[in-house]
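# Structure at a glance
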Amino acid sequence: MTIALRYAARSDVGLLRSNNQDSAYAGEHLLAVADGMGGHAGGDIASSIVIARLAELDAETPANDIVAALENVILDANDALLQRAQDEPALAGLGTTVTALLRTEGKFALAHIGDSRGYLLRGDSFTQVTKDHTLVQRLMDEGRLTAEEAEHHPHRSAVLKVLGDVDSDPDLDMSLRPAHPGDRWLLCSDGLSGPVSDSTLEQTLREFSDVGECADKLIELALKGGGPDNVTCIVADVLELDDLPAGMSPSHDVQVVGSAAANCPPRSSASSSASRAADLLRTEEPEPLPEEPEDTVQETAKRSAWPAVIVSVLLASLLAILVWFGMSWVRTQYFVGSDGTNVVIYRGINQDLGSFPLYEPEATTQIKLSDLPQAYQRQVSDTIPADSRGAADRIVESLTGLSTAQQTPAPIETPSSAPAPTASREG
C-alpha cells in the first residue's frame, strides 16, 4: 500500500487583527500549523521560526524514527526561540503553539502543544484528536467547568503550554497514528475552532470533497463568525495511490501561508526539503506592513494632535493660575535692605526668578547705611524680612534711632514669622 496526501493550506488575518501571527506549512510529508503570540512582531517571528525548522522534515523519515525526529526538531525550534528572545529583549515573551503531522510509510507522528487543534474525520466519526493546553480545558478535566460554560469563560483564551520564551523544556503531546486511506485531517488555529462549532466543522469537511474549496469555506465561516483572530487551517486527505479514482491525484506543491508566507514563497516539490527550509531560515523576520496612504497618515496626525493641544492648554492654564497666586503672595511681603547707600524698604521677597527679581523698592529712607553700627549694617545688607508694610516701617523707625548711637544697642526686633539675623553671623 502506497500512501500519499492531497492538501490545501489557507490563512487570513481576520477582521480585528492588524497582522497575521499564524503560520502553516503543507508538503508531501509534513503538515503543520503554528499560532504565534507575544506582540506585533514577536508572534510573527515565533511561528515563522518554528515552521522554518519543521520544514527540514518534509522528506521521507524512517518509520522507527518518526516520532523522535519530530519531537527533536520542535525542541530545537524552542531553543531557537529562547535564544532569539535573549538576543533581542524587545521580543521577550514571544511564543507559539504547534500542531504538526509528519508522515512516512503509512504512519503519522503527531506533535501538539498549545490550543491549535487537530481533527480527524474517519467514516462516520469526527474526533478532536488533540487536547487544548488551556485553563478552561484543565477546569473541564477537573470537573469544575462544563463545555457550555467553557465557551463563554472570560479566560477561555488563556494558554498554559506553548513553545517559546516561557519554558526551556516544554512538554509536548506526542503520538504515532496510522495513515488510513479515506481519512481527512483538519489542522487549525483557534481562530477557526473558536468562532466555528465542531458540528459546523464536521459538516463542512463532509460537504466539500475538494480540499481547496473546503479550506476556503472554513476560512469564510470563521470570518462570518466575527473573525476575532487570525484564522489558519490545513485540510488534508489520505490517499491510496493504487486505488485513486480517475482525475484525482495527490498534492506535490509546497504551501506556506500566514506569517511564514512572506519568508518562503510556494515552490515546486522538485526542490529539496533542505533548500525549502533554508529559504525559511534565511528570512525569519516578517515583512513590514505596507505604509498607509499619505492622506490617511496626515488625517490620523490631525486627529491625534487634538488631545495633545488640549493637554497643553490645560497645563498652561494651570501654570498661569499658580504663577498668579504666587505673585499675589509675593506682593504682600516686605523686607528692609540697602541700595548700597541708604536704607530702603522693598516690596516682595529677596529672590530672583531667573533674571527677574521678585522685589521692587517701595521707599528709600534718609538713613545712611554707614551711619549705623557695624553689626546693624550687616543685618541691613543681609536684609531684614517683614510680613507687612507696617512691620517694615517699625524696623526703619528702630534704625533711625540707631543711626546716631555711640554704642552697640540690642538687636532689632523683627516679626515673629521671620527672625532677624543675630550678631553671631559676624563670626
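Scanning the chain from terminus to terminus reveals eleven helices and 17 strands. Scored against the burial criterion, the 427 residues of the chain give a buried share of 44%. Pairs at least 24 residues apart make up 68% of the contacts formed inside the chain by residues separated by at least 6 positions.

Let us look at the packing of helix α6 (residues 198-207) against helix α7 (residues 211-224). Here α6 crosses α7 at 150 degrees, and the two axes come no closer than 9 Å. As summarised for this structure, α6 and α7 are arranged roughly antiparallel, according to the angle between their axes. The two elements α6 and α7 cross, and the hand of that crossing is right-handed. Between α6 and α7, the residues in contact are Thr200, Leu201, Thr204 and Leu205 and Cys214, Lys217, Leu218 and Leu221, respectively.

Moving on to helix α10 (residues 374-382). Side chains of residues three or four places apart in an α-helix project in the same direction, reflecting 3.6 residues per turn. Taken together, the buried positions of α10 are Ala375, Tyr376, Gln379 and Val380. In a view along the axis of α10, the buried residues occupy a sector of 130 degrees, so they form one face of it. Trailing α10 by a residue or two, Thr383 shows a phi angle of about 80 degrees, which is positive.

Let us look at the state of the cysteines. Per the counting criterion, the structure on display carries zero disulfides. Looking at the unpaired Cys214, the closest cysteine sulfur is the one in Cys233, lying at 7.6 Å. Using a relative accessible area of 0% as the deciding quantity, one classes Cys233 as buried.

We now examine the side chain of Arg117. Tracing the backbone through its elements, the reader meets Arg117 in strand β7 (residues 117-122). Overall, the relative accessible area of 16% leaves Arg117 in the buried class. At 2.8 Å, the side chain of Arg117 forms a polar contact with the side chain of Tyr119. Non-local contacts of Arg117, meaning those with residues more than four positions away in its chain, are made with Thr99, Gln128, Thr130, Asp132, Leu186, Leu187, Cys188, Ser193 and Asp198.

In this section: the packing of aromatic side chains. Counted under the stated rule, the structure contains five aromatic pairs. Geometrically, the ring pair formed by Phe108 and Trp185 is edge-to-face, given 5.7 Å between the ring centres and 70 degrees between the ring planes. Separated by 77 residues along the polypeptide, Phe108 in strand β6 (residues 107-113) and Trp185 in strand β11 (residues 184-188) bring together distant segments of the chain. Of the residues examined, Phe108 reaches a relative accessible area of 1% and is grouped as buried. For Trp185, a relative accessible area of 2% corresponds to the buried category. Look at Tyr119 and Phe126: their rings are 5.2 Å apart centre to centre, the planes differ by 5 degrees, and that puts the pair in the stacked class. The same class applies to Tyr119 as to Phe126, namely buried. Connected via pairs of aromatic rings, a cluster forms that spans Phe335, Tyr346 and Tyr359.

A separate point is the nonpolar core. Counting 34 residues, the largest nonpolar core has Leu54, Leu70, Ile74, Val98 and Leu163 as its most contacted members. Only β3 (30-37), α1 (39-54), α2 (66-87), β5 (98-104) and β6 provide two or more residues apiece to this core. For this core, the leading source of residues is α2, giving nine residues. In this structure Leu163 touches Val50, Ile74, Asn78, Leu81, Leu94, Gly95, Thr96, Val98, Ile113, Pro170 and Leu172, once residues within four positions along its chain are discounted. Within the second largest apolar cluster, 21 residues are counted, among which are Phe126, Phe208, Cys214 and Ala215.

With that settled, consider the pairing of strand β14 (residues 334-338). Taking burial as the measure, the five residues of β14 include four buried ones, the bulk of the element. By the bridge criterion, three bridges tie β14 to strand β17 (residues 384-386) in an arrangement that is antiparallel. Among the inter-strand pairings, Val336 is bridged to a residue of β17, identified as Ile384.

Take the environment of Asp22 next. Here Asp22 shows up in strand β2 (residues 22-26). According to the relative accessible area criterion, Asp22 is buried, its value standing at 0%. In this structure the C-alpha to C-alpha distance between Asp22 and Gly36, which are 14 residues apart in sequence, comes to 5.7 Å.

Moving on: the side chain of Ser251. Mapped onto the secondary structure, Ser251 falls in the loop between β12 (231-240) and β13 (255-258). The exposure class assigned to Ser251 is buried, which follows from its relative accessible area of 11%. Of the polar contacts made by the side chain of Ser251, one reaches the backbone nitrogen of Tyr7; its length is 2.9 Å. Contacts of Ser251, omitting those with residues within four sequence positions, involve Leu5, Arg6, Tyr7 and Glu28.

This brings us to unusual backbone geometry. In this structure, Glu105 is a non-glycine residue whose phi angle is positive, near 50 degrees. Position of Glu105 among the secondary structure elements: in the loop between β5 and β6. Looking at Glu105, the relative accessible area reads 57%, which means it is exposed. The backbone of Thr383 sits at a positive phi, close to 80 degrees, despite the residue not being glycine. With respect to the helices and strands, the residue Thr383 is situated in the loop between α10 and β17.

Below, the discussion takes up α7. With 14 residues, α7 extends 20 Å from end C-alpha to end C-alpha; this agrees with the ideal 20 Å at 1.5 Å per step. Buried residues in α7 make contact with β1 (3-12), β11, α5 (190-193), α6 and β12. Near the N-terminus of α7, the side chain that reaches the backbone nitrogen of Gly212, with its oxygen 3.0 Å away, is that of Asp210. Where α7 terminates, the next one or two residues include Gly226, which has phi positive at roughly 115 degrees.

The rules behind these values
Residues numbered from 1 in each chain as written. Predicted model: local features only at pLDDT ≥ 70, side-chain atom pairs only at ≥ 80, totals over all residues. Heavy atoms only, no water. Helix = DSSP H or I, 4+ residues; strand = E, 2+ residues; numbered from the N terminus. Buried < 20%, exposed > 50% of the residue type's maximum accessible area, 1.4 Å probe, protein only. Contact = heavy atoms within 4.5 Å. Axes fitted to C-alpha atoms, helices over the stretch in contact; angles between N-to-C directions. Parallel < 35°, antiparallel > 145°, perpendicular 65-115°, else oblique. Left-handed = near helix turned anticlockwise from the far one by under 90°. Arc of directions from axis to C-beta. Disulfide = S-S within 2.5 Å. Polar contact = N/O pair within 3.5 Å; in protein donor to acceptor, adjacent residues only side chain to side chain. Phe/Tyr/Trp six-rings, centres within 6.5 Å; stacked < 30°, edge-to-face > 60°. Core = buried A, V, L, I, M, F, W, Y, C linked by side-chain atoms within 4.5 Å. Pairing = 2+ DSSP bridges. Expected span 1.5 Å × (residues − 1).

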